[in-house]
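As a plain string of letters, each chain reads:
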Amino acid sequence: MAKDKTVRASQKAPVSKNAYKQLISNYSADTPPRFKLIDAFLAFLFVTGILQFVYCIVLSNYPFNSFLAGFSATVGQFVLSLALRLQLGAGESGKPRVAEGRAFAEFLFASVVLHFFVVNFLG
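Residues numbered from 1 in each chain as written. Predicted model: local features only at pLDDT ≥ 70, side-chain atom pairs only at ≥ 80, totals over all residues. Heavy atoms only, no water.

Operational definition: UniProt positions are given in the numbering used here, feature names are shortened, and annotations may be inferred rather than shown by experiment.
Going by what an unreviewed UniProt entry lists, the chain is known as Dolichyl-diphosphooligosaccharide--protein glycosyltransferase subunit OST2 and is assigned to Malassezia globosa. Under the heading Subunit (unreviewed entry), UniProt records this for the chain: "Component of the oligosaccharyltransferase (OST) complex."

See the structure below:
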């Protein structure tokens, strides 16, 4: 009975590794380059937000309004970029949900408005 449990546990590990490898290979093969670029930008924003938060917790948050402005800019840009990715993704009909030009124009306009408020918050 003990052998069955160890055999089952050892069989699950390769399955998860294979699933991860298959996920990576399918992502690299099936995802268009512009979505990979947006995904890389999302990862950059995520890491930047984490680094800002850790810096605030560990070292100092002396100009707290600067931390709030920077962190809210990072989170806001992440949300806007994610919305762009979702709008450009194919719907059920296979076409993008929104026209590419319109989605990008909305992204640019919302980014300008976001950064206007961030700069205004800094004083």
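### What to know about the overall build of the chain
Applied cut-off: Only runs of H or I of at least four residues qualify as helices and only runs of E of at least two qualify as strands under DSSP, and these elements are numbered from the N terminus. The cut-offs for exposure are 20% and 50% of the maximum accessible area for each residue type, with area from a 1.4 Å probe on protein chains only; residues under the lower value are buried, those over the upper are exposed, and the others partly exposed.
Helices and strands together make up the secondary structure of the chain, namely four helices and zero strands. Burial statistics for the chain: of 123 residues in total, 19% are counted as buried.

### Here's the deal with helix α3 (residues 64-88)
Put simply, the rule is: Any helix carries an expected span of 1.5 Å times its number of residues minus one. Contacts were defined at the residue level, with two residues in contact if any of their heavy atoms lie within 4.5 Å.
Its 25 residues give α3 an end-to-end C-alpha distance of 36 Å, which sits within 8% of 36 Å, the value for a rise of 1.5 Å per residue. Listed in full, the buried residues belonging to α3 are F67, A69, A73, T74, G76, Q77, S81, L84 and L88. Residues of α3 that are buried sit in contact with α2 (33-58) and α4 (100-122).

### Some points on the UniProt feature "transmembrane region" (unreviewed entry) in the chain
UniProt records the feature "transmembrane region" (unreviewed entry) for residues 40-60, 66-84 and 104-122 in the present numbering. Here residues 40-60 runs as 90% helix and 0% strand, with 29 Å between its end C-alpha atoms. Along residues 66-84 one finds 100% helix and 0% strand; the C-alpha atoms at either end are 27 Å apart.

### Here's the deal with the packing of α2 against α3
Keep this limit in mind: With axes taken as lines fitted to C-alpha atoms, and helix axes fitted only over the stretch in contact, angles between N-to-C directions fall between 0 and 180 degrees. Each angle gets one of four labels, with under 35 degrees taken as roughly parallel, over 145 as roughly antiparallel, 65 to 115 as roughly perpendicular, and the rest as oblique. For a crossing to be left-handed, the near helix must be turned anticlockwise from the far one by less than a right angle; the clockwise case is right-handed. Under the convention adopted here, Pro, Cys and the residues Ala, Val, Leu, Ile, Met, Phe, Trp and Tyr are nonpolar, Asp, Glu, Lys and Arg are charged, and Gly plus all remaining residues are polar.
In the contact formed by α2 and α3, the axes pass within 9 Å of each other and the chain directions differ by 160 degrees. The orientation of α2 with respect to α3, classified from their angle, is roughly antiparallel. In terms of crossing hand, the pair formed by α2 and α3 is left-handed. Seen from α2, the contacting residues are F35, I38, D39, F41, L42, L45, F46, T48, G49, Q52, F53 and C56; seen from α3, they are F67, G70, F71, T74, Q77, F78, S81, L82, L84, R85 and L88. A class-by-class count of the residues in the contact of α2 with α3 yields 14 nonpolar, seven polar and two charged.

### Considerations on the side chain of S81
Our working rule: Pairs of N or O atoms are called polar contacts if they sit within 3.5 Å, as long as, within protein, a hydrogen donor faces a hydrogen acceptor (for residues adjacent in sequence, only side-chain-to-side-chain pairs).
One can find S81 in helix α3. Only 2.8 Å separates the side chain of S81 from the backbone oxygen of Q77, close enough to count as a polar contact. When sequence neighbours within four positions are dropped, the list of residues in contact with S81 reads I38, F41, L42, L45 and F107.

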